[in-house]
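Descriptive analysis of the structure
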Amino acid sequence: MTTIEPTLGAVLIPALKQFVMATKLHPILVNFTAALIPVSVASDILGRIRKSESLRHTAWWTLFYATIITPFTAISGWLFWMHDDNGVTGMTIHKWLGTAMVALLFGLFAWRWNIHKRQQWPTWAYLIASAILAAITGFQGHLGGEQVFANM
Ligand code: HEM
């Protein structure tokens, strides 16, 4: 039992870090988060305007997959952290906003699940809240991209 903690710190986390660095997992996973959330929001808005059940289901399932994948996006971000990210204001915001996004997405998912179970159309309050999360996702991606591409 006493070996669990040192194993986690000394072996597992460095091994995961190496894996994430070698595979560039964070830049891969960000594409899913950055696509699925806005697609869900746009499908719900269009679905509600056009009264399209198909778009409403698209919105539910894309949010479902975004909620599964985004915690891994955030974890891979922590493991992808490099020395030159330290002290960069944009990256400090990126780190904490990305972590908070996971909690916000869980809240939005619970709200959307409730709507889905009752087979209702999403309310305008939900649509506005989800549009704000989509805007946050865009800003989050901008901050990450700025750090990677600004000096190229
Ligand atoms: C969960 C939502 C997140 C999104 C949508 C996101 C998005 C992005 C994007 C678009 C990039 C640029 C990738 C590229 O094309 O190379 C990036 C880079 C990066 N992100 Fe995230 N990110 C998220 C969360 C996080 C979190 C929680 C951390 C934690 C520390 C993090 C750390 C990083 C790092 C270290 C980089 C690379 C910066 C460099 O090259 O110096 N990200 N992110």
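Please refer to the structure placed before this passage.
Notes on the structure follow.

1. Here's the deal with the packing of helix 4 (residues 89–117) against helix 5 (residues 124–149)
In contact at an axis separation of 10 Å, helix 4 and helix 5 are set at 155° when each is read in the N-to-C sense. Looking at the two axes, helix 4 sits roughly antiparallel to helix 5. The handedness of the crossing between helix 4 and helix 5 comes out as left-handed. Residue classes in the contact of helix 4 with helix 5 are distributed as 16 nonpolar, eight polar and one charged.

2. Description of helix 2 (residues 25–50)
Taking 1.5 Å per residue, 26 residues should reach 38 Å; helix 2 reaches 37 Å between its end C-alpha atoms and fits that length. Of the positions making up helix 2, those classed as buried are H26, L29, T33, L36, I37, S40, V41, S43, D44 and G47. Downstream of helix 2 by one or two residues, K51 has phi in the positive range, about 50°.

3. Looking at the pattern of salt bridges
Opposite charge on two side chains lets them pair, provided their charged atoms get close. Counting across every chain of the model gives two salt bridges. In this structure, D44 and R112 form a salt bridge, with 2.9 Å as the shortest nitrogen-oxygen distance. Here the residue D44 occupies a position in helix 2, and R112 occupies one in helix 4, the gap between them amounting to 68 residues. Accessibility classification places D44 together with R112 in one group, the buried group. In this structure, the salt-bridge partner of R56 is E53, at a minimum N-O distance of 3.6 Å. You can see R56 and its partner E53 sitting in helix 3 (residues 53–79), three residues apart, about one turn around the helix. Taking the relative accessible area as the measure of exposure, E53 reaches 44% and is therefore partly exposed.

4. Notes on the nonpolar core
Counting 17 residues, the largest nonpolar core has I37, L63, A66, L105, L108, Y126 and L133 as its most contacted members. Counting only elements with at least two residues in this core, the list comes to helix 2, helix 3, helix 4 and helix 5. No other element matches the five residues that helix 4 contributes to this core. When sequence neighbours within four positions are dropped, the list of residues in contact with I37 reads A66, M101, L105, L133, A134 and T137.

5. Considering the coordination of the iron atom of the ligand
Protein coordination of the iron atom of the ligand is provided by H26 (NE2) and H94 (NE2), with donor distances spanning 2.0 to 2.1 Å. In this structure, the iron atom of the ligand is coordinated by six donor atoms arranged in octahedral fashion, with angles at the metal of 87 to 179°. Taken together, the residues H26 in helix 2 and H94 in helix 4 connect sequence positions 68 residues apart. Take H94: its relative accessible area is 12%, and that puts it in the buried class.

6. Concerning the site of the ligand
Taken together, the neighbourhood of the ligand is formed by 24 residues, with H26, V30, D85, H94 and Q140 sitting nearest. Within the side chain of H26, an N or O atom sits 2.9 Å from a nitrogen atom of the ligand. For the ligand, a nitrogen atom lies 2.8 Å from a polar atom in the side chain of H94. Considering every element that reaches the shell around the ligand, the biggest residue donor is helix 5, with seven residues.

Conventions and cut-offs
Residues numbered from 1 in each chain as written. Predicted model: local features only at pLDDT ≥ 70, side-chain atom pairs only at ≥ 80, totals over all residues. Heavy atoms only, no water. Axes fitted to C-alpha atoms, helices over the stretch in contact; angles between N-to-C directions. Helix = DSSP H or I, 4+ residues; strand = E, 2+ residues; numbered from the N terminus. Parallel < 35°, antiparallel > 145°, perpendicular 65-115°, else oblique. Left-handed = near helix turned anticlockwise from the far one by under 90°. Nonpolar A, V, L, I, M, F, W, Y, C, P; charged D, E, K, R; others polar. Expected span 1.5 Å × (residues − 1). Buried < 20%, exposed > 50% of the residue type's maximum accessible area, 1.4 Å probe, protein only. Salt bridge = Lys/Arg side-chain N within 4 Å of Asp/Glu carboxyl O. Core = buried A, V, L, I, M, F, W, Y, C linked by side-chain atoms within 4.5 Å. Contact = heavy atoms within 4.5 Å. Donors = N, O, S within 2.8 Å, 3.2 Å for Na, K, Ca; no water. Tetrahedral: all angles 85-135°; square planar, octahedral: opposite > 155°, others 65-115°. Near = heavy atom within 4 Å. Polar contact = N/O pair within 3.5 Å; in protein donor to acceptor, adjacent residues only side chain to side chain.

These results come straight from atomic positions and should not be treated as a statement about function.
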